[in-house]
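# Examination of the molecular architecture
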Amino acid sequence: MVDWFHWLNLAGVAVCAISGTLMAYQKRMDGFGVIVLASATAIGGGTLRDMMLDVPVFWIADNDYLYTTLIAAFIPIIWLRLSPRFPYHYLLIADAFGLALFNVVGIEKALANDTGIAVAIAMGTITGVFGGLLRDVICREVPLVLGGELYATTCIVGGMAYGLAMYLGFEAQWCGAVALATTVLMRLGALRWHWEMPVFYNEN
Amino acid sequence: MVDWFHWLNLAGVAVCAISGTLMAYQKRMDGFGVIVLASATAIGGGTLRDMMLDVPVFWIADNDYLYTTLIAAFIPIIWLRLSPRFPYHYLLIADAFGLALFNVVGIEKALANDTGIAVAIAMGTITGVFGGLLRDVICREVPLVLGGELYATTCIVGGMAYGLAMYLGFEAQWCGAVALATTVLMRLGALRWHWEMPVFYNEN
Amino acid sequence: MVDWFHWLNLAGVAVCAISGTLMAYQKRMDGFGVIVLASATAIGGGTLRDMMLDVPVFWIADNDYLYTTLIAAFIPIIWLRLSPRFPYHYLLIADAFGLALFNVVGIEKALANDTGIAVAIAMGTITGVFGGLLRDVICREVPLVLGGELYATTCIVGGMAYGLAMYLGFEAQWCGAVALATTVLMRLGALRWHWEMPVFYNEN
């Protein structure tokens, strides 16, 4: 993978770690709780993906991810000591980019291991959303990815865009760019206009 | 594995996916929540088993399982649009067969990887019940497998029957048939006559 | 690994299995729930570690661990039938030794697989605390490791002591002894004097 890809990936990890720390704050966890939640959120999705694909787990092979998670986990703590307000709005926008990037990383890692496109789309979505699901299960919250504004769905649609671009004969880096743009724009649109999936329920 | 085994396995996956969808209904989850819960329930047990045995994860190697899960997840949604009643009773019977089949698949996959019979029984039980445990943890329900009518216990007893048949020198397909029959009959009996394990509690 | 190491490891597994059983008691789970909780607590951490390191899962390769878990799970049940009081105090001391031992096992297994020291510290901590985290998530408790007296933090400090001893050129067995002593003494001190990590919270 090219160098900018590595840096964007680290940025995605950092954003997710910050979101884990903010949840730990709200739950009044102690210092270790912050590290656990930040790590689970930031590297949980990629860890499950790598274990399922049976490839070396990314943060074991490259220490940068672990250090990035630890440093990012303490950003909100220091920030909130200095200022009463945290820029949640910018965090959501950064998170949309992180989600899209994790999605593309997951798709490309799966395809590089000779899976079909359906499995690759599943792997992209798992990379993007499993960390947040883990964070919510540990904190005993209703997992956010299972309801509310479009989140995981943007990964699936982004993955389908990747598959379509592949089918149309685009080169790999353009397939990735199409998937990235689709996921980011759809997620930002969902945040701006409150797009939701229909909620099913049992009338009985 | 022979062809009918593959088809029965797909049927087991479909039944579990349907049970995940029905839980998502009751929790009023959105469309993506349905897919997550259906997938976790249907392929969660086998995924954990394959990761622990360090063999290729079954649904990554064979796309049929993923497509079956997705199709099965939408059966109850369409059904409940057309008719107010869902045949839960038949679902429980189908689920008993799915449980027994997952159990035998887990045992045979473990033995094929040179584990002892104790580990194989554990793998069969994990294949059978972990998906449902995952479904309940995600939904913040008290996991059904940890209480109530005999469920996981039928897998353990079925696994012991497998071990006994092996010890008596039966051929592999007959060991599997014995374990399948033991698990199904015990589970159906538990459903019919409300067999339960004793509940332990702390009187202090 | 030398023989006493194997026996101490089995003792750590037994202590964790007992703590899982006691939780199952309080939750009034049935017989199978006891086995699940005891197993998840005793071998959950090492299982995740081995899957992430992509080495054979320890209890699959060596049946002793599974049998130890099952036997240990029934000790509190028999004990509580004979006597109304369970020696929780001694259990906490035994648990401190189990935690420290799991920590050292995790660190050494990671280093033997050529990870850096930061990843090794993470693996030691995961081996020590993931089982208890799993137990609490299944039981829908607020995970104990995320708050209260120092627990996981003792693993991290023990791991840092290991790294320092390595840096100073100690032989492997002395590094392990330093980490073991650091973790045990810090945990016993936390139990005795109620040491806690500062709890962060969001004043907004």
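Residues numbered from 1 in each chain as written. Chains lettered and ligands numbered in written order. Predicted model: local features only at pLDDT ≥ 70, side-chain atom pairs only at ≥ 80, totals over all residues. Heavy atoms only, no water.

### What to know about the UniProt feature "transmembrane region" (unreviewed entry) in chain A
All names here are of chain A. Using the residue numbers shown here, the UniProt feature "transmembrane region" (unreviewed entry) corresponds to residues 6–25, 32–53, 65–82, 89–111, 117–138, 150–170 and 176–195. Each end of residues 89–111 is marked by a C-alpha atom, and these two atoms are 34 Å apart; helix forms 100% of the span and strand 0%. The span residues 150–170 shows a helical share of 76% and a strand share of 0%, and its end C-alpha atoms are spaced 27 Å apart. (UniProt positions renumbered as here; feature names shortened; annotations may be inferred. Helix = DSSP H or I, 4+ residues; strand = E, 2+ residues; numbered from the N terminus.)

### Regarding the interface of chain B and chain A
Taken together, the 26 residues of chain B in the interface contact 34 residues of chain A. A buried area of about 2,500 Å², summed over both sides, lies between chain B and chain A, and 70% of it is on carbon and sulfur atoms. Along the contact surface separating chain B from chain A lie zero salt bridges. Counting across the interface, chain B meets chain A through zero residue pairs in polar contact (both at pLDDT 80 or more). Contributing elements (two or more residues each) for the side of chain B that touches chain A: α2 (31–53), α3 (58–61), α4 (64–82) and α6 (117–138) of chain B. In terms of residue count, α2 of chain B provides more of the side of chain B that touches chain A than any other element does, seven residues in total. (Contact = heavy atoms within 4.5 Å. Buried area = accessible area lost by both parts, 1.4 Å probe. Salt bridge = Lys/Arg side-chain N within 4 Å of Asp/Glu carboxyl O. Polar contact = N/O pair within 3.5 Å; in protein donor to acceptor, adjacent residues only side chain to side chain.)

### Here we look at the environment of Gly 44 of chain A
Residues and elements named next belong to chain A. On the secondary structure map, Gly 44 appears in helix α2 (residues 31–53). On the basis of relative accessible area, Gly 44 is assigned to the buried category, the value being 10%. With 113 residues separating them in the primary sequence, Gly 44 and Val 157 have C-alpha atoms 22 Å apart. Contact partners of Gly 44, with chain neighbours within four places excluded, come to Ser 39, Phe 130 and Leu 134. (Buried < 20%, exposed > 50% of the residue type's maximum accessible area, 1.4 Å probe, protein only.)

### Overview of helix α7 (residues 152–167) of chain B
For an α-helix the count is 3.6 residues per turn, leaving residues at separations of three or four pointing the same way. Taking 1.5 Å of rise per residue, 16 residues should cover 22 Å, and α7 of chain B covers 23 Å from first to last C-alpha, within 8% of that figure. Among the residues of α7 of chain B, those classed as buried are Ala 152, Thr 153, Thr 154, Cys 155, Gly 158, Gly 159, Ala 161, Tyr 162, Gly 163 and Ala 165 of chain B. On the buried face of α7 of chain B, the contacting elements are α5 (88–112), α6 and α8 (172–193) of chain B together with α2 (31–53) of chain C. Looking one or two residues beyond α7 of chain B, the residue adopting positive phi is Gly 169 of chain B, at roughly 90°. (Expected span 1.5 Å × (residues − 1).)

### Quick notes on the side chain of Arg 49 of chain C
Residue and element names in this part refer to chain C. Mapping Arg 49 onto the fold places it in helix α2. By relative accessible area, which is 3% here, Arg 49 ends up buried. Dropping the residues within four chain positions of it, Arg 49 is found in contact with Phe 58, Val 105, Gly 106, Lys 109, Met 123 and Thr 127.

### Points about the interface of chain C and chain A
It is common to give the size of an interface as the accessible area that goes away when the parts come together. Residue-level contacts link 34 residues of chain C with 26 residues of chain A. At the boundary of chain C and chain A, one finds zero residue pairs in polar contact (both at pLDDT 80 or more). Of all the secondary-structure elements, those providing two or more residues to the side of chain C that touches chain A are α2, α6 (117–138) and α7 (152–167) of chain C. Among the elements that make up the side of chain C that touches chain A, the one with the highest residue count is α6 of chain C (nine residues). For the side of chain C that touches chain A, the per-class residue count stands at 23 nonpolar, eight polar and three charged. (Nonpolar A, V, L, I, M, F, W, Y, C, P; charged D, E, K, R; others polar.)

### A short note on the UniProt feature "domain: Glycine transporter" (unreviewed entry) in chain A
Taking the numbering used here, the UniProt-annotated feature "domain: Glycine transporter" (unreviewed entry) corresponds to residues 7–78 and 93–164 of chain A. A helix fraction of 86% and a strand fraction of 0% characterise residues 7–78 of chain A, whose end C-alpha atoms lie 23 Å from each other.

### Observations concerning the relation of the copies chain B and chain A
Mapping chain B onto chain A calls for a screw motion: a turn of 120° about the axis and a shift of 0.0 Å along it, with 0.0 Å RMSD after fitting. Between the two chains, the operation in question is that of a three-fold axis. The C-alpha atom lying nearest the rotation axis in chain B is that of Met 51 of chain B; the distance is 3.9 Å. Take the interface residues of chain B: only 15% of them recur as interface residues in chain A, which is what a contact between different surfaces looks like. (Least-squares fit on C-alpha atoms with pLDDT ≥ 70 in both.)

### Description of the packing of aromatic side chains
One pass over the full model with this rule turns up three aromatic pairs over all chains. Pairing Phe 58 of chain A with Tyr 65 of chain A gives two aromatic rings, centres 5.0 Å apart and planes at 75°, and the pair type is edge-to-face. As far as the burial class goes, Phe 58 of chain A and Tyr 65 of chain A line up, both buried. Against the face of Phe 58 of chain B rests Arg 49 of chain B, its NZ or CZ located 5.7 Å from the ring centre. (Phe/Tyr/Trp six-rings, centres within 6.5 Å; stacked < 30°, edge-to-face > 60°. Lys NZ or Arg CZ within 6 Å of the ring centre and 35° of its normal.)

### With respect to α5 of chain B
With 25 residues, α5 of chain B extends 35 Å between its outermost C-alpha atoms, agreeing within 8% with the 36 Å of an ideal straight helix rising 1.5 Å per residue. Trailing α5 of chain B by a residue or two, Asp 114 of chain B shows a phi angle of about 65°, which is positive.

### Concerning the packing of α2 of chain B against α5 of chain B
All names here are of chain B. Contact geometry of α2 with α5 gives a least axis separation of 11 Å together with a crossing angle of 10°. Taken together, the axis directions place α2 and α5 in an arrangement best described as roughly parallel. Where α2 approaches α5, its residues Ala 42, Arg 49, Asp 50 and Leu 53 are matched on the opposing element by Phe 102, Val 105, Gly 106, Lys 109 and Ala 110. Among the residues forming the contact of α2 with α5, the class breakdown is five nonpolar, one polar and three charged. (Axes fitted to C-alpha atoms, helices over the stretch in contact; angles between N-to-C directions. Parallel < 35°, antiparallel > 145°, perpendicular 65-115°, else oblique.)

### Points about the nonpolar core
One finds Met 52 and Trp 59 of chain A, Met 52 and Trp 59 of chain B together with Met 52 and Trp 59 of chain C to be the most contacted residues of the largest nonpolar core, which totals 156 residues. When residues no more than four places from it in sequence are discounted, the contact partners of Trp 59 of chain A are Ile 43, Thr 47, Tyr 65 and Leu 66 of chain A together with Met 52, Val 119, Ala 122, Met 123 and Ile 126 of chain C. (Core = buried A, V, L, I, M, F, W, Y, C linked by side-chain atoms within 4.5 Å.)

### A closer look at unusual backbone geometry
All names here are of chain B. Residue Asp 54 is not a glycine yet carries a positive backbone phi of 60°. Looking at the secondary structure, you find Asp 54 in the loop between α2 and α3. Looking at Asp 54, the relative accessible area reads 36%, which means it is partly exposed.

### What about the relation of the copies chain C and chain A?
Mapping chain C onto chain A leaves a residual RMSD of 0.0 Å; the transformation is a rotation of 120° accompanied by 0.0 Å of translation along its axis. With a heterologous cut-off of 20% or less, the 12% of interface residues of chain C that recur at the interface of chain A puts this contact in the heterologous class.

### Concerning the state of the cysteines
All names here are of chain A. Per the stated rule, a full pass over the model turns up zero disulfides over all chains. Sulfur of Cys 16: no disulfide; nearest cysteine sulfur belongs to Cys 155 and is 11 Å away. What makes Cys 155 buried here is its relative accessible area of 0%. (Disulfide = S-S within 2.5 Å.)

### Observations regarding the pattern of salt bridges
All names here are of chain A. Applying the stated rule across the entire model yields nine salt bridges over all chains. Of the charged contacts in the structure, one is a salt bridge between Asp 50 and Arg 49, with a shortest N-O distance of 3.0 Å. On the basis of relative accessibility, which here comes to 0%, the residue Asp 50 falls in the buried class. A single salt-bridge network, built from bridges that share partners, covers Arg 49, Asp 50 and Lys 109.

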